[in-house]
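Read off the chains here:
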Amino acid sequence: MADGTKRSHPTFALNWKRYMSECCSNTSLHGFKFLGERNRSIFERLLWLLTLVICIFFCVINILEAYHKWQTSPVVVSFATTETPVWEIPFPAVTICPEVKTEKDIANYTDLVLKITRGEQLSDKQKKLLRYMSMVCSNDWPGNVDENDDNLTEDLYEFLFSVQPNVDHTVVECSWVGRDCTDQVRKWFTPIITPDGVCFTFNLMDRKDMFTDLAAQNYYRNRNVHHQRRSNWTWERGYSDKNDYDEMPRRTFMPGIHGGLQLTFWVESKNLDYLCTEAFQGYKVILHNPSQIPFTQDHYFRVGLNQALVAAVKPTIVKTSRQLAEYHPDSRECYFADEKRLMFFKSYDQFNCVHECLSNYTFRYCGCVSFEMPRLNSTPICGRLKRGCVTRAAALFAVENNSSEPTDGSDFVEMCDCRQTCNSIHYETEISQTEWRWQQMESILSKNGSQKKMTDEYSKVQIFFRDLQFITSERNELYGLMDFLSSCGGLFGLFMGFSFISLVEIAYFVSVRLWCNYKKHGSHYWSGDAELLQLKIE
């Protein structure tokens, strides 16, 4: 300066004001240029500030709503775009439970009960037979329970296997996909312990594929038990051999009777025991997933003596995209088979999880478990005296498992966390049944040497897929990360004109431009404002 006085430099506040004015004037965001424009009245600035605040408020509210939707509703179940053919899914496991529990020559439940009602004394062997028989017979008769029925020993399983007629004495004719399998009955039907005693299951996966080493072995403890072929099938891989009929679990390649399972049952009339089964005679049939334990107390249908039953099967299939594996189970509301560990089962399945949880709940409630439940080898087996306790435990478990109100055992049931299986298959059936007048046919064939006795009882069942292809349901990602980002981008653009370029602009103004101004104009004129720089020159 001419007078030699020292010139003052612009303050930091002035530089900041001029720099923000330049930012607002050059940004692509809507409305900000009116805030930074110079010589605007305070009224105009407040008006645009209020407008921007309102827009930002509604933008944030909508983004939070979009985020909540992303976190709570990421999954949608819809129909698949293509149908699933029957050869890509397993044929249902078919569990047959005869109402005849014993061969009367070995154990006669009716005779033992009648002796008690007549006041006769039973021998120790007869008491043991009655005690074991009462575990699978549905009737409770006075005097058939004694003080030794608190807990049972492992001998119960050997007894049940030894008195039950062999499977080839129950299933006398077998046809699978048009091929005679009568001579394969012992190999193809797996004896398994259920609440109804010993049942026989076709197409059940091998024990080594189902149970862990912790599970008691009693389901299959018998020298006559033949394990099925090991399974290589999974939902993700499907079947390894595209043309193998006998790869486990077995499948069919066609719908209708000729692509299904046909069975003829036989029982000797002398073995019918009407006191054991409340006068019901015939067979329970349960269709279930080959990897599941059969629930014989529900989801079954009956085949009466001298009856022919046809069951047309329609599978209900739900598949889940592997993209959802990245989501928490709370979000997709299901578990993959390899995601949750169970104590007794190798792979997760909702039905097996419930079965395991019920077993643990029963042990907690009664101090023992029912003989058909999965258990540790050291877990006591409830006897007849505790059968009422087992029944009450099952009822309480059902209430607590389905109740939204907290109860004494709800925390225990909640710990089981038996969610749906992400990939699952259920089998719905359409049943028709009619009287089978095989005696009339045999009376005609008797002259040709027919071997069927008129005093025997026969039944027939035919199980097959109803259609060649089925519509599958799929769980897919409804609202993923890209959907959330797209929603945010749309909201920012709608309310503020914000885009990816706007984000780059902000980063540029707070970093690169500031640094370049500082290097070019120094620390006193870092705003780079033209008016301030003109004062510097003067």
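Residues numbered from 1 in each chain as written. Predicted model: local features only at pLDDT ≥ 70, side-chain atom pairs only at ≥ 80, totals over all residues. Heavy atoms only, no water.

### Examining the nonpolar core
We apply this condition: By nonpolar core is meant a set of buried Ala, Val, Leu, Ile, Met, Phe, Trp, Tyr and Cys residues that side-chain atoms within 4.5 Å join together. Buried means the residue's accessible area, taken with a 1.4 Å probe over protein chains only, is under 20% of the maximum for its type, while exposed means over 50%, and partly exposed covers the values in between. Helix and strand labels come from DSSP, where a helix needs a run of H or I of at least four residues and a strand needs a run of E of at least two; each type is numbered from the N terminus. It only takes one pair of heavy atoms within 4.5 Å for two residues to be counted as in contact.
Among the nonpolar cores identified, the biggest contains 63 residues, and Val94, Phe189, Leu263, Phe371 and Ile463 are the most heavily contacted of them. Ranked by residues supplied to this core, first place goes to helix H6 (residues 155-163) with six residues. For Val94, the contacting residues outside a window of four places in its chain are Phe200, Thr201, Phe202, Leu261, Val285, Ile286, Leu287 and Ile463. In this structure, Cys97, Met205, Tyr335 and Phe345 belong to the second largest nonpolar core, which totals 16 residues.

### Re the sheet that holds strand S6 (residues 189-194)
For the record, the criterion: At least two bridges found by DSSP between two strands are what make those strands a pair. To get an axis, fit a line to the C-alpha atoms, keeping to the stretch in contact for a helix; angles then go from 0 to 180 degrees between the N-to-C directions.
Read across the open sheet, the five strands follow the order S6-S7-S2-S9-S10; overall the sheet is antiparallel. In this open sheet, the two strands that pair with only one neighbour each are S6 and strand S10 (301-303). Put simply, the sheet's adjacent strands are angled 30° from each other on average, direction ignored. Across three bridges, strand S9 (residues 283-288) lies against S10 in antiparallel orientation. Residue pairing in the sheet places Tyr283 in a bridge with Val303 of S10.

### Describing the pattern of salt bridges
Rule in force here: Salt bridge, as applied in this entry: a Lys or Arg side-chain nitrogen positioned within 4 Å of an Asp or Glu carboxyl oxygen.
In the structure shown here, the tally under the stated rule is 14 salt bridges. One salt bridge connects Glu99 with Arg302, and the closest N-O pair in it is separated by 2.5 Å. Here Glu99, found in the loop between strand S2 (93-98) and helix H4 (109-117), pairs with Arg302, found in strand S10; they are 203 residues apart in sequence, far enough to count as distant. Looking at Glu99, the relative accessible area reads 6%, which means it is buried. Residue class for Arg302 comes out partly exposed when judged on its relative accessible area of 29%.

### Things to note about the packing of helix H16 (residues 500-510) against helix H17 (residues 512-521)
Using the following cut-off: Each angle gets one of four labels, with under 35 degrees taken as roughly parallel, over 145 as roughly antiparallel, 65 to 115 as roughly perpendicular, and the rest as oblique. The residue classification treats Ala, Val, Leu, Ile, Met, Phe, Trp, Tyr, Cys and Pro as nonpolar and Asp, Glu, Lys and Arg as charged. All others, Gly included, are polar.
Interhelical geometry of H16 versus H17 gives an angle of 30° and a closest axis separation of 3 Å. With respect to each other, H16 and H17 are oriented roughly parallel. Between H16 and H17, the residues in contact are Ala507, Tyr508, Phe509 and Val510 and Val512, Arg513 and Leu514, respectively. Partitioning the contact of H16 with H17 into residue classes produces six nonpolar, no polar and one charged.

### Thoughts on the environment of Glu531
For Glu531, the position within the fold is in helix H18 (residues 530-537). We classify Glu531 as partly exposed; its relative accessible area is 46%. In sequence terms Glu531 and Arg18 are 513 residues apart; their C-alpha atoms lie 9.5 Å from each other. Sequence-distant contacts of Glu531, that is, excluding residues within four places in its chain, are made with Arg18 and Arg38.

### Focus: H16
Helical geometry: 3.6 residues make up each α-helical turn, so side chains three or four residues apart lie on a common side. Filter applied, for reference: Directions drawn from the helix axis to the C-beta atoms are what define this arc.
Turning to H16, its buried residues number three or more, namely Ser502, Glu505 and Phe509. Down the axis, H16 shows its buried residues gathered within 55° of arc, on one side only. Counted as exposed and oriented over 90 degrees from the buried face of H16: Phe500 and Val510. Against the buried residues of H16 lie helix H1 (12-26) and H17.

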